[in-house]
Amino acid sequence: MPEGHTLHRLARLHQRRFGRAPVMVSSPQGRFVDGAAAVNGRVLKKASAWGKHLFHHYEGGRVVHVHLGLYGTFTEMPIPMPLPVGQVRMRMIGTEYGTDLRGPTVCEVIAEPEVADVVAKLGPDPLRRNADGALAWARISKSRRPIGALLMDQTVIAGVGNVYRNELLYRHRIDPYRTGTHIDETEFDAMWTDLVDLMKVGFRRGKIVVVRPEDDHGLPSYGRGRPRTYVYRRAGEPCRVCGTTVRTAELEGRNVFWCPTCQS
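- The protein chain is annotated in an unreviewed UniProt entry as Endonuclease 8 1 from Mycolicibacterium moriokaense.
- Heading Sequence similarities (unreviewed entry) of the UniProt record for the protein chain holds this comment: "Belongs to the FPG family."
- Looking at the protein chain in UniProt, the text filed under Cofactor (unreviewed entry) is "Zn(2+)".

**Some words on the overall build of the protein chain**
- Assigned secondary structure in the protein chain consists of seven helices and 10 strands.
- Over its C-alpha trace the protein chain gives a radius of gyration of 20 Å, about what one expects of a compact globule, namely 18 Å for 264 residues.
- Overall, the protein chain is about 55 × 40 × 30 Å in size when its C-alpha atoms are taken along their principal axes.
- Within the span of the protein chain, comprising 264 residues, buried residues form 48% of the whole.

**As for a positive patch on the surface**
- Together, Lys200, Arg204, Arg205 and Lys207 make up a region of like positive charge exposed at the surface.
- Note that Lys207 resides in the loop between helix 7 (185–205) and strand 9 (247–251).

**Observations concerning the sheet that holds strand 2 (residues 44–50)**
- One open sheet holds the four strands; their spatial order is 2-3-4-8, and the pairing between them is antiparallel. With one partner strand each, in any of the chains shown, strand 2 and strand 8 (106–111) form the two edges of the open sheet. Each adjacent strand pair in this sheet contributes to an overall mean axis angle of 20 degrees, direction not counted.
- Where strand 4 (residues 62–67) lies against strand 8, six bridges are found, and the strand directions are antiparallel. Directly across from Val63, in strand 8, lies its bridge partner Ile110.
- Contacts between helix 1 (residues 4–18) and the sheet are confined to strand 2 and strand 3 (53–58), with strand 2 contributing the most and set at about 175 degrees to the helix.
- Packed onto the sheet, helix 3 (residues 112–120) meets strand 2, strand 3, strand 4 and strand 8 and runs at close to 125 degrees relative to strand 8.

**Topic: the domain arrangement of the protein chain**
- Looking at the assigned domains, one finds that the protein chain contains domain 1 (4–121) and domain 2 (133–258).
- Taking only C-alpha atoms into account, the centre of domain 1 sits 30 Å from that of domain 2.
- Taken together, the contacts link nine residues of domain 1 with 14 residues of domain 2.
- Buried surface at the junction of domain 1 and domain 2, both sides included, amounts to about 850 Å², of which 62% is carbon and sulfur.
- For the domain 1 face of the interface with domain 2, the top three residues by lost area are His5, Arg9 and Lys52, together amounting to 58%.
- The interface formed by domain 1 and domain 2 holds zero salt bridges in total.

**Examining a nonpolar patch on the surface**
- A surface patch of nonpolar side chains, amounting to about 370 Å² of accessible area, comprises Met1, Leu70 and Tyr71.
- Mapped onto the elements, Met1 comes out in the segment before helix 1.
- We classify Met1 as partly exposed; its relative accessible area is 38%.

**Regarding the pattern of salt bridges**
- Inspection of the entire model under this criterion finds eight salt bridges.
- Close ionic contact of Asp100 with Arg91 constitutes a salt bridge, the shortest N to O distance being 2.7 Å.
- By sharing partners, the salt bridges in this structure join Arg91, Asp100 and Arg102 into a single network.

**A word on the sheet that holds strand 6 (residues 88–93)**
- Pairing is antiparallel across the open sheet formed by four strands, whose spatial order is 1-6-7-5. This sheet does not close on itself; its edge strands, each paired only once, are strand 1 (24–26) and strand 5 (73–78). Along the sheet, successive strands turn relative to each other by an average axial angle of 15 degrees, direction set aside.
- As judged from the five bridges shared by strand 6 and strand 7 (residues 97–102), these two strands associate in the antiparallel manner. In the sheet register, Met90 faces strand 7, and the bridge partner there is Leu101.
- Together, strand 5, strand 6 and strand 7 form the strand contacts of helix 1, whose direction differs from that of strand 5 by roughly 30 degrees.

**Quick look at helix 3**
- The complete set of buried residues in helix 3 reads Val115, Val118 and Val119. Looking straight down helix 3, one finds its buried side chains confined to an arc of 95 degrees; they lie on one side. Facing away from the buried side of helix 3 by more than 90 degrees, the exposed set consists of Pro113 and Ala120.
- Residues of helix 3 that are buried make contact with strand 2, strand 3, strand 4 and strand 8.

Definitions and cut-offs
- Residues numbered from 1 in each chain as written.
- Predicted model: local features only at pLDDT ≥ 70, side-chain atom pairs only at ≥ 80, totals over all residues.
- Heavy atoms only, no water.
- UniProt positions renumbered as here; feature names shortened; annotations may be inferred.
- Helix = DSSP H or I, 4+ residues; strand = E, 2+ residues; numbered from the N terminus.
- Rg over C-alpha atoms; globule rule 2.2 N^0.38 Å.
- Buried < 20%, exposed > 50% of the residue type's maximum accessible area, 1.4 Å probe, protein only.
- Patch = residues over 30% accessible without salt bridge, like charges linked within 9 Å, V, L, I, M, F, W, Y side chains within 5 Å.
- Areas by Shrake-Rupley, 256 points an atom, 1.4 Å probe, with all protein chains shown as cover.
- Salt bridge = Lys/Arg side-chain N within 4 Å of Asp/Glu carboxyl O.
- Lys, Arg positive; Asp, Glu negative; His and termini not counted.
- Charge placed at Lys NZ, Arg CZ, Asp CG, Glu CD.
- Pairing = 2+ DSSP bridges.
- Axes fitted to C-alpha atoms, helices over the stretch in contact; angles between N-to-C directions.
- Contact = heavy atoms within 4.5 Å.
- Domains from an automatic or database assignment.
- Buried area = accessible area lost by both parts, 1.4 Å probe.
- Arc of directions from axis to C-beta.

What follows is the structure, given as structure tokens:
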């Protein structure tokens, strides 16, 4: 599932390529026909993101709300675009570029006031200006759930995915199974500051960078074109810092990775 910086990059890209001009919107797959018709030919006023949610704000007060989920992708290309291939939920065509959306969990048209309803269910987004980490801390400090689960809870912090979750905990030497009530405020403040910085790097560079230069050695990343990590998807491999075998387990439906020595 894309992490929050990816959605912010998409919002910026779509703003640049489609913003402030009429956009032709269709649903070749047929599952978004009414929604596409509601915004087709209208001016895209702006594109924005909050956590893993993308919003296309059109004139007339209509907003296309997209959540990519596990399998959703946008494919960008210059026009003229070829005929749609595969299950294209939404096709957007601007003056110079087009994009096809496939496989999202959510693709719907909502009214502008309903954006606030979506956001109200989410925690602070580290990539949004003036994001308030204290709101996340208020929930974490009262919870007996593991911190590894709380960081992935979008109602606590919006935009954190499995890579940032695992790597942030490693960078701060925190066991993913330690409960929220056993995280002190100083620890959380340091994690929040680090998370904001890491996600800003991801937004600027278009890739996740989490390994400190002094630790950037040893075995390569877990896959071609994937980020180099401390623990994420490195189960069974030696920790880059202490050499202990990295472990993995399932935590609330998602795999968590940690070093039992560094994060004891």
